[in-house]
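These are the residues of each chain, in order.
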Protein chains: 2
Amino acid sequence: MLHVAEAARVSVATVSALINGTATVSPELSARIEQAIRDIGYKRNAIARSLKMGTTRTIGLTVPHITNPFFTDVVSVIQQAFDRAGYAVMLCCTDEDLNTQDDQIRLLLDRMVDGLIVARVGDGAILKRIVADANVPVVLMDRLCEGVDTDAVVLDNQRAVFDAMSYLINLGHRRIGYITGTSDISPMHDRMTGYREALQAAGLPVAEELVRSGNFHEIDGYNATMQLLSLHDRPSAIFSANNPMVIGTMKAIRDIGLSCPEDISVACFDDFPWSDVFQPQLTTVAQPVQAIGEQAANLLLDRLAGNRDAPPRMLVLKGRLMIRNSCRPLGAVVHSVSA
Amino acid sequence: MLHVAEAARVSVATVSALINGTATVSPELSARIEQAIRDIGYKRNAIARSLKMGTTRTIGLTVPHITNPFFTDVVSVIQQAFDRAGYAVMLCCTDEDLNTQDDQIRLLLDRMVDGLIVARVGDGAILKRIVADANVPVVLMDRLCEGVDTDAVVLDNQRAVFDAMSYLINLGHRRIGYITGTSDISPMHDRMTGYREALQAAGLPVAEELVRSGNFHEIDGYNATMQLLSLHDRPSAIFSANNPMVIGTMKAIRDIGLSCPEDISVACFDDFPWSDVFQPQLTTVAQPVQAIGEQAANLLLDRLAGNRDAPPRMLVLKGRLMIRNSCRPLGAVVHSVSA
DNA sequence: TTGTACGCGTTATCAT
DNA sequence: ATGATAACGCGTACAA
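Note on numbering: residues in each chain are counted from 1, in written sequence order. As a convention, the first chain written is A and the first ligand written is 1, with the rest following in written order. Owing to the predicted nature of the model, reporting of local features is limited to residues with pLDDT of at least 70; listing and counting of side-chain atom pairs is limited to 80 or more, with chain, interface and lining totals taken over all residues. Excluding hydrogens and water, the side-chain figures rest on all heavy atoms present in the structure.

## Topic: a nonpolar patch on the surface
Residues and elements named next belong to chain A.
Logical step 1: A contiguous nonpolar surface patch, about 300 Å² in accessible area, is contributed by Met1, Leu2, Val12 and Ile19.
Logical step 2: Elements are defined by DSSP. Helices are runs of H or I of four residues or more, strands are runs of E of two residues or more, and each kind is numbered from the N terminus. Along the chain, Val12 turns up in helix H2 (residues 12-20).
Logical step 3: To sort residues, take the accessible area from a 1.4 Å probe on protein chains only and compare it with the maximum for the residue type: under 20% means buried, over 50% means exposed, and anything in between is partly exposed. Looking at Val12, the relative accessible area reads 37%, which means it is partly exposed. Every patch collects residues that have over 30% relative accessible area and no salt bridge, joining them within 9 Å if they carry like charges and within 5 Å if they are nonpolar side chains (Val, Leu, Ile, Met, Phe, Trp, Tyr). Each accessible area value is a Shrake-Rupley result obtained with a 1.4 Å probe; residue values ignore everything except the protein chains displayed when judging cover. Definition used for salt bridges: Asp or Glu carboxyl oxygen within 4 Å of a side-chain nitrogen of Lys or Arg.

Written as structure tokens, this is what we have:
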């Protein structure tokens, strides 16, 4: 900018005034300055500007896994929203690891991000302290965090699973396997509650042997399903509370020589982009990914726009049961090995 | 830092020296400083550091669509690699739009990213100028850019499609529909060449009516497939050169009342994470996403580590034909409506 | 309308 | 070993 000022024979203040429109500059000088800007190929240095202004127009976004289609979609929506608003977004994947998450949030804070959207991982204690120390607005997404009292957008997980389970129960299923995540994050907790309540509401027992947990990955779903299918009195249906794990469930069913939905019904949380093109078409609980992403972005953009003192807002969205053909009425089940 | 220096009754230079280990400071002062750091809760400001050092330890990454599973996976791998190296990554999605891409790259450059990985979009002219002006290392990924002579990692697209087409031809297919992307980016061009050459090598004609183009989205694949299936002498197989578009292909086949592979064979570029769990299991050309991401990251990290003068390096990786059950020998095709 | 001077938080240079 | 100070590039009072 100094070079520009010199080339245009004006002061840097005038150049700045012109660029930011913060004061009116005479046409002659404007022309000279703009010419100089072109000649030099001047580009404003956003880093210097950030240091001076105390704002980076950058936000941080952390999710457990970007390859989980749910997060892929939400990240995409959030990215677009902030792109429109002139913000850059720094993306971090915590891989469900607590230390990684802490490091990444610190990294983002050091870089003076103006705000944070986080789908947290693990215990919230450190996140809580970090958030309290740093003076940036934080929006929690997908997963709440006890003690962190801030904006959040989540799903009514309990209700969503309750509905899905009720659907299975109405189909006649009485022994329904349930695969959950190991870590006690709020969605897993709430979904499990939905599972229990649906069974109880139907007067069915909650058999602990039917509940398995895994670490969110495909292989964990595979192992959990193998255990369920090895049970003496194996379940007639399986509900997976996590999207990647249901792939493992399907593979286990295939490897053990069964087929879905003929031998076993399957439903899961989170929709697939192409759920209705391939067979079986999985019955899923679809989250409103578009709305979740947009609301999270709006919540943060609102704080960024200056609305700092409003009390924390929590948005609870509803899931939608997408009934397809991966679940069969129990009475009509035909074993493929039958003669 | 000034506060820390005051609280510890030393100069800022000493604080800096201690933090960065750039000079030895006496145990007494070290203790005082560390105590002050804890008391104040001091965190180093990465922005100020960047301004001074001229490096942000941040890279920019732009892809057309993060929801395309290919890019999802590659982004994930790249993100992990830079995370390990202590870099943050700013993610941008261009949505196949040229202006968006230019804006985003400028945004990233303004923010002084240390390097750029870009899966480019559209004409390379502006990208070329931007890259030339800015003095940051750039790695091209997936898509080359004429006139931009820089590091790159791409697939041998021509060969990959040639192999896939040869497979279909060996199966007895003679009329093979081909769905490509509209924009003339290098992969689309090379894949089309592979299509043509495979037909020619087999002594088959290249019927222009069998080649349709779309704008990379599902709906475009749907429309293109509808057109292909409306042909008087409709193709017995369809190859989609893009992953999202093949979903449209499958939906069109379903909507028109046909089924795959019984009535029509389908193959496509890019593998799905769960290709082998659902039916039909699509035969695909799988890209080595892990290697692509890692190599792109390594190329850039190498430049970042100081190796600026080495001549541009281009890595060409090989695709792998994943033969599943979505393609049938032509002679054995049985129409599902037959009695 | 335009210019001067200062500060944002760091790091590096050079005295001491 | 430690401290004073300049500089990174920008925005902005304040003065002219």
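## Here we look at the packing of aromatic side chains
Logical step 1: Pairing of aromatic rings covers Phe, Tyr and Trp, the last through its six-membered ring, and needs centres within 6.5 Å; plane angles under 30 degrees mean stacked, over 60 mean edge-to-face, and all others mean tilted. Taken as a whole and assessed by the stated rule, the structure comprises 13 aromatic pairs over all chains.
Logical step 2: Between A:Phe278 and B:Phe272 the ring centres are 6.3 Å apart and the planes differ by 65 degrees, which places this aromatic pair in the edge-to-face class. Taken together, the residues span two chains, with A:Phe278 in the loop between strand E9 (265-269) and strand E10 (283-286) and B:Phe272 in the loop between strand E9 (265-269) and strand E10 (283-286).
Logical step 3: Exposure remark for B:Phe272: the relative accessible area of 5% places this residue in the buried category.
Logical step 4: Taken together, A:Phe272, A:Trp274, A:Phe278, B:Phe272, B:Trp274 and B:Phe278 form an aromatic cluster joined through their ring pairs.
Logical step 5: Each ring is checked for a lysine NZ or an arginine CZ that lies within 6 Å of its centre and within 35 degrees of its normal; such an atom marks a charge sitting over the ring. Of note, A:Arg143 hangs over the ring of A:Phe216, and the distance from its end group to the ring centre comes to 5.7 Å.

## Concerning the protein's contact with DNA strand D
Logical step 1: Neighbouring residues of DNA strand D: 23 residues in total, closest A:Arg49, B:Thr14, B:Thr24, B:Val25 and B:Ser26.
Logical step 2: Note on definitions. A residue lies near a molecule or strand when any single heavy atom of the residue is within 4 Å of it. Of all DNA strand D atoms lying within 4 Å of any protein atom, the proportion belonging to sugar or phosphate reaches 75%.
Logical step 3: What qualifies as a polar contact is a pair of N or O atoms within 3.5 Å, subject to a donor-acceptor requirement within protein and to the restriction that residues adjacent in sequence count only when both atoms come from side chains. Take A:Arg49: an N or O atom from its side chain is 2.8 Å from a phosphate oxygen of DNA strand D.
Logical step 4: Separating a phosphate oxygen of DNA strand D from a side-chain N or O atom of B:Thr24 is a distance of 2.7 Å.
Logical step 5: For the surface near DNA strand D, the elements supplying multiple residues, two or more each, are H2 and helix H4 (46-53) of chain A together with helix H2 (12-20) and helix H4 (46-53) of chain B.
Logical step 6: When residues in the surface near DNA strand D are grouped by element, the largest group, four residues, is from H4(A).
Logical step 7: By residue class, the composition of the surface near DNA strand D is ten nonpolar, seven polar and six charged. For this scheme, ten residues count as nonpolar: Ala, Val, Leu, Ile, Met, Phe, Trp, Tyr, Cys and Pro. Four count as charged, namely Asp, Glu, Lys and Arg, and the remainder, Gly too, count as polar.

## Things to note about the environment of A:Pro311
Residue and element names in this part refer to chain A.
Logical step 1: Note on placement: Pro311 falls in the loop between helix H12 (289-304) and strand E11 (314-317).
Logical step 2: As a C-alpha pair, Pro311 and Thr150 span 161 residues in sequence and 8.0 Å in three-dimensional space.
Logical step 3: Contacts between residues were defined by any pair of non-hydrogen atoms, one from each residue, lying within 4.5 Å. With residues near it in sequence (within four places) discarded, Pro311 still touches Asp151 and Arg303.

## Focus on the pattern of salt bridges
Side chains bearing opposite charge may pair, as long as their charged atoms lie close to each other.
Residue and element names in this part refer to chain A.
Logical step 1: Scanning the model with the defined rule gives 29 salt bridges over all chains in all.
Logical step 2: Between Arg159 and Asp163 there is a salt bridge; the shortest N-O distance is 3.2 Å. Placement of the pair is Arg159 and Asp163 together in helix H8 (residues 157-170), with a separation of four residues, close to one helical turn.
Logical step 3: Exposure remark for Arg159: the relative accessible area of 45% places this residue in the partly exposed category.
Logical step 4: What makes Asp163 partly exposed here is its relative accessible area of 31%.

## Notes on the protein's contact with DNA strand C
Logical step 1: As a matter of local geometry, DNA strand C sits amid 22 residues, with A:Ser26, A:Leu29, A:Lys52, B:Met1 and B:Tyr42 nearest to it.
Logical step 2: At a separation of 3.2 Å, a phosphate oxygen of DNA strand C approaches a polar side-chain atom of B:Asn20.
Logical step 3: Here B:Asn45 contributes a backbone N or O atom positioned 2.8 Å from a phosphate oxygen of DNA strand C.
Logical step 4: Tallied by class, residues from the surface near DNA strand C come to ten nonpolar, seven polar and five charged.

## Focus on the interface of chain B and chain A
Logical step 1: Tallying the contact residues gives 47 residues for chain B and 46 residues for chain A.
Logical step 2: Accessible area that two parts lose when put together, with a 1.4 Å probe and added across both, is what the buried area reports. Summing the contributions of chain B and of chain A, the shared interface buries around 4100 Å²; its carbon and sulfur component is 67%.
Logical step 3: It is B:Ile47, B:Trp274 and B:Phe278 in chain B that bury the most area against chain A; as a group they hold 17% of the surface buried on that side.
Logical step 4: Inspection of the region where chain B meets chain A yields two salt bridges.

## Regarding the pairing of strand E7 (residues 211-214) of chain A
Residues and elements named next belong to chain A.
Logical step 1: Sheet topology places strand E6 (residues 176-181) next to E7; four bridges connect them, and they run parallel. Its bridge partner being in E7, Tyr178 is matched across the sheet by Val211.
Logical step 2: One crossover worth recording links E6 to the parallel E7 by way of helix H9 (residues 186-201), and it is right-handed. In this scheme, strands are said to pair when DSSP sees at least two bridges between them. By convention a crossover is right-handed if, when the strands point away from the viewer, the path from the first strand over the helix to the second runs clockwise.

## What to know about the relation of the copies chain B and chain A
Logical step 1: Overlaying chain B with chain A gives an RMSD of 0.2 Å, the required rotation being 180 degrees about an axis along which the chain moves by 0.1 Å. Considering both components of the superposition, the chain copies are consistent with a two-fold axis.
Logical step 2: Counting the interface residues of chain B, we find that 98% of their copies in chain A are interface residues as well, pointing to one common contact surface. We place the copies in one frame by least squares, fitting the C-alpha atoms of every residue whose pLDDT is at least 70 in both.

## Topic: the packing of helix H6 (residues 98-110) of chain A against helix H7 (residues 125-133) of chain A
Residue and element names in this part refer to chain A.
Logical step 1: Between the N-to-C directions of two axes lies an angle of 0 to 180 degrees, each axis being a line fitted to C-alpha atoms and, for a helix, fitted only over the stretch in contact. Relative to each other, H6 and H7 sit at 10 degrees, their axes nearing to 10 Å. For the element pair H6 / H7, the angle class is roughly parallel. From H6, Asp102, Ile105, Arg106 and Leu109 reach across to H7, where they touch Ile126, Leu127 and Ile130.
Logical step 2: Its residues placed into classes, the contact of H6 with H7 shows five nonpolar, no polar and two charged. Orientation categories follow fixed angle ranges, with anything under 35 degrees roughly parallel, anything over 145 roughly antiparallel, 65 to 115 roughly perpendicular, and all other angles oblique.

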